[in-house]
Number of protein chains: 2
Amino acid sequence: MQVEFWYEFASTYSYPAAMRVERAAAEAGVALAWRPFLLGPIFGAQGWNDSPFNIYPAKGKYMWRDMARICAAEGLTLKTPPARFPQNGLKAARLALIGQDEPWGPEFTRRVYLANFAEQKDISEEGVLAGILDALGLDAAALAARASEPVNKERLKTQTAEAIAKGVFGAPSFVVSGGDELFWGNDRLDAALQWAKR
Amino acid sequence: MQVEFWYEFASTYSYPAAMRVERAAAEAGVALAWRPFLLGPIFGAQGWNDSPFNIYPAKGKYMWRDMARICAAEGLTLKTPPARFPQNGLKAARLALIGQDEPWGPEFTRRVYLANFAEQKDISEEGVLAGILDALGLDAAALAARASEPVNKERLKTQTAEAIAKGVFGAPSFVVSGGDELFWGNDRLDAALQWAKR
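Just so it is clear, the structure is predicted and the values come from calculations on it, not from any experiment.

Caption draft 1: Geometry of helix H1 (residues 14–28) of chain B. All names here are of chain B. In this model H1 runs 19 Å from its N-terminal to its C-terminal C-alpha over 15 residues, within 8% of the 21 Å that 1.5 Å per residue would give. Arg20 marks where H1 bends most, by close to 45°. Among all positions of H1, only Ser14, Tyr15, Pro16, Ala17, Ala18, Met19, Val21 and Ala25 are buried.

Set out below in structure tokens:
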């Protein structure tokens, strides 16, 4: 059995999930598939043109406090208040899509989350993304070119449509392959892994 | 330290929380305060005149599946699809408010949740509530009269205002007294109890 990890770079709770999902899956003996997608089209279809954490201030205030507790417990840096929220993760997602079946995909993903939430860098900036790719020993210019090709842009749309078809409405989400059992939220990662082992 | 358990009778995730909160708090050695309140005014202020699980179908479909998994794991009966959702928990909340500092309050609360989610009874019906009070050996007619007195109706509004002042925006929520640390969701019960023990 395999667990798909569906994530969006703007999503706060996807950050702690991304940082531990590989270790947790390995410990559970469950295969892991990284699945970047976009929440924008999903939120847009619900009539939201911003993060629900901005639209509903009480929920937003709670989320940042909850994230601070979670990150402190897991030894992750979280800088608050955020310099910008939500960030535009489109370019990063196009790169992560290329990397999702490559050895560098997971580490690229983690470094983008760190850039966003621990370092407060603007992850929509090509220079920030190129810096991460460079540090991983990759050809940043070639990957940026591939990422912006129409076929890759279309592939990200298709992947987002696949997420919607599987019932995904937020991030992070975990889908256990086979029965397509859906789990939503960083706090459901362990339940998803246990489900995959049933 | 004390943990306040803020709950609304229409709230699905409040059901498994209500069924285990007393046991969990006792095991953790943490004092527990039951705090019924109304989500209607809070949702209304956000522009919702229905449960977000009805307004957002993907979220609702997921919630019922997630609830089914949680209830199965905890040995709780959950009948789906619900005969009516959300139920009107106003009268039950007014009674629970009278009971919140009485010995019968917790068991009354649990039985209302069972009537709602395990038995699919209409908890807005006075007969259903009277049946529960009767079974607990209480004077149902006298309590119904007290529940509908203006002073008790007003007290429930005040308690809901207190919830909002503490940052509560959904149910169940847990507030650790002292620092007024807020935790939202059935899946945060253990985190709240651990926080209270710090």
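Back to the text.
Caption draft 2: Local environment of the interface of chain A and chain B. Every contact between the two is made by 11 residues of chain A and, on the other side, 11 residues of chain B. At the level of secondary structure, the elements contributing two or more residues to the side of chain A that touches chain B comprise helix H4 (57–74) and strand S4 (181–184) of chain A. Top element by residues in the side of chain A that touches chain B is H4 of chain A. It accounts for four residues. When the residues that make up the side of chain A that touches chain B are grouped by side-chain class, the tally is six nonpolar, two polar and three charged.

Caption draft 3: Inspection of the sheet that holds strand S2 (residues 31–36) of chain A at higher detail. Residues and elements named next belong to chain A. Strand order across the open sheet formed by four strands is S2-S1-S3-S4, with mixed pairing between neighbours. The open sheet has two edge strands, S2 and S4, and neither has a second partner. Adjacent strand axes in the sheet meet at a mean angle of 20° when their direction is disregarded. Note: strand S1 (residues 2–7) against S2, six bridges, orientation parallel. Paired with Tyr7 across the two strands is Pro36, which belongs to S2. Contacts between helix H10 (residues 189–196) and the sheet are confined to S1, strand S3 (173–176) and S4, with S3 contributing the most and set at about 5° to the helix.

Caption draft 4: Expanded view of the pairing of strand S4 (residues 181–184) of chain B. Residues and elements named next belong to chain B. Covered by surrounding structure in S4 are Glu181 and Phe183 together with Leu182 and Trp184, the residues of both alternating faces. As judged from the four bridges shared by strand S3 (residues 173–176) and S4, these two strands associate in the antiparallel manner. Directly across from Val176, in S4, lies its bridge partner Glu181. Hairpin connection from S3 to S4: four residues lie between these consecutive antiparallel strands, with Gly178 at a positive phi of about 105°.

Caption draft 5: A look at the packing of H1 of chain B against helix H10 (residues 189–196) of chain B. All names here are of chain B. Between H1 and H10, the shortest axis-to-axis distance is 10 Å and the interhelical angle comes to 25°. With respect to each other, H1 and H10 are oriented roughly parallel. With respect to the hand of their crossing, H1 and H10 are arranged in right-handed fashion. Across from Ala17, Val21, Ala24, Ala25 and Ala28 in H1, the residues of H10 making contact are Leu189, Asp190 and Leu193.

Caption draft 6: Quick peek at the sheet that holds strand S2 (residues 31–36) of chain B. Residue and element names in this part refer to chain B. With mixed pairing, four strands are arranged side by side in an open sheet as S2-S1-S3-S4. Sheet topology places S2 and S4 at the edges, where each strand pairs with a single neighbour. Mean inter-strand twist for the sheet, computed between neighbouring axes without regard to direction, equals 20°.

Caption draft 7: Structural view of the relation of the copies chain A and chain B. Between chain A and chain B, which share one sequence, the superposing operator has a rotation angle of 180° and an axial displacement of 0.0 Å; the RMSD is 0.0 Å. Such a combination of turn and shift is consistent with a two-fold rotation axis. Identified as the residue of chain A closest to the rotation axis by C-alpha distance is Asp187 of chain A, at 3.8 Å.

Caption draft 8: Representation of the nonpolar core within the structure. Membership of the largest hydrophobic core comes to 50 residues, with the highest contact counts inside it found for Val3, Trp6, Ala92, Leu95, Val112, Phe174 and Ala192 of chain B. Once you skip the residues sitting within four places of it in the chain, Ala192 of chain B turns out to touch Val3, Phe174, Val176 and Phe183 of chain B. In terms of nonpolar packing, the next biggest core, distinct from the first, is built from 49 residues, Ala10, Tyr113, Leu133 and Phe183 of chain A among them.

Caption draft 9: Layout of helix H6 (residues 105–118) of chain B. Residues and elements named next belong to chain B. When the terminal C-alpha atoms of H6 are compared, their 19 Å separation across 14 residues agrees well with the 20 Å that a helix rising 1.5 Å per residue should span. Listed in full, the buried residues belonging to H6 are Phe108, Thr109, Arg111, Val112, Tyr113, Ala115, Asn116 and Phe117. Where H6 is buried, its residues touch H1, S2, helix H5 (90–99) and helix H7 (126–135).

Caption draft 10: Broad picture of the environment of Ala130 of chain A. Residues and elements named next belong to chain A. Mapped onto the elements of the fold, Ala130 is located in helix H7 (residues 126–135). Residues Ala130 and Val3 lie 127 residues apart in sequence; the distance between their C-alpha atoms is 29 Å. When residues no more than four places from it in sequence are discounted, the contact partners of Ala130 are Ala140 and Ala144.

Caption draft 11: Examining the environment of Lys197 of chain B more closely. All names here are of chain B. Examined against the element boundaries, Lys197 turns out to sit in the segment after H10. For Lys197, a count of 11 C-beta atoms within 10 Å corresponds to the exposed category. Counting along the chain gives 168 residues from Lys197 to Gly29, while the straight-line C-alpha distance between them is 8.2 Å. When near neighbours in sequence (up to four residues on either side) are disregarded, Lys197 contacts Ala28 and Val30.

What counts as what
- Within every chain, residues take consecutive numbers counted from 1 along the sequence as written.
- Whichever chain is written first is A, and whichever ligand is written first is 1; the rest continue in order.
- Note on the predicted model: pLDDT of at least 70 is required for a residue's local features to be given, and 80 or more for side-chain atom pairs to be given and counted; whole-chain, interface and lining totals, by contrast, use all residues.
- Strands are runs of DSSP state E lasting at least two residues, helices are runs of H or I lasting at least four, and both sets are numbered from the N terminus onward.
- A helix is expected to span 1.5 Å multiplied by its residue count minus one.
- A residue's bend is simply the angle between two axes: one fitted to the seven residues ending at it, one to the seven starting at it.
- To assign burial, the other C-beta atoms lying within 10 Å of each residue's own C-beta are counted, with C-beta atoms placed from the backbone; 20 or more indicates buried, 12 or fewer indicates exposed, and intermediate counts indicate partly exposed.
- Residues are scored as being in contact if the C-beta atoms we place from backbone atoms lie within 7 Å.
- Three classes are used, and their members are as follows: Ala, Val, Leu, Ile, Met, Phe, Trp, Tyr, Cys and Pro are nonpolar, Asp, Glu, Lys and Arg are charged, and the others, Gly among them, are polar.
- When DSSP finds at least two bridges between two strands, those strands are taken to pair.
- To obtain each axis, a line is fitted to C-alpha atoms, and for helices this fit is confined to the stretch in contact; angles are then taken between N-to-C directions over 0 to 180 degrees.
- With respect to orientation, any angle under 35 degrees is reported as roughly parallel, any angle over 145 as roughly antiparallel, any angle of 65 to 115 as roughly perpendicular, and every other angle as oblique.
- For any pair of crossing helices, the crossing counts as left-handed if the nearer helix is rotated counterclockwise from the farther one by less than a right angle, and right-handed if it is rotated clockwise.
- Superposing copies: least-squares fit, C-alpha atoms only, residues required to have pLDDT of at least 70 in both.
- Here a nonpolar core is just a set of buried residues of the types Ala, Val, Leu, Ile, Met, Phe, Trp, Tyr and Cys, joined wherever their C-beta atoms sit within 7 Å.

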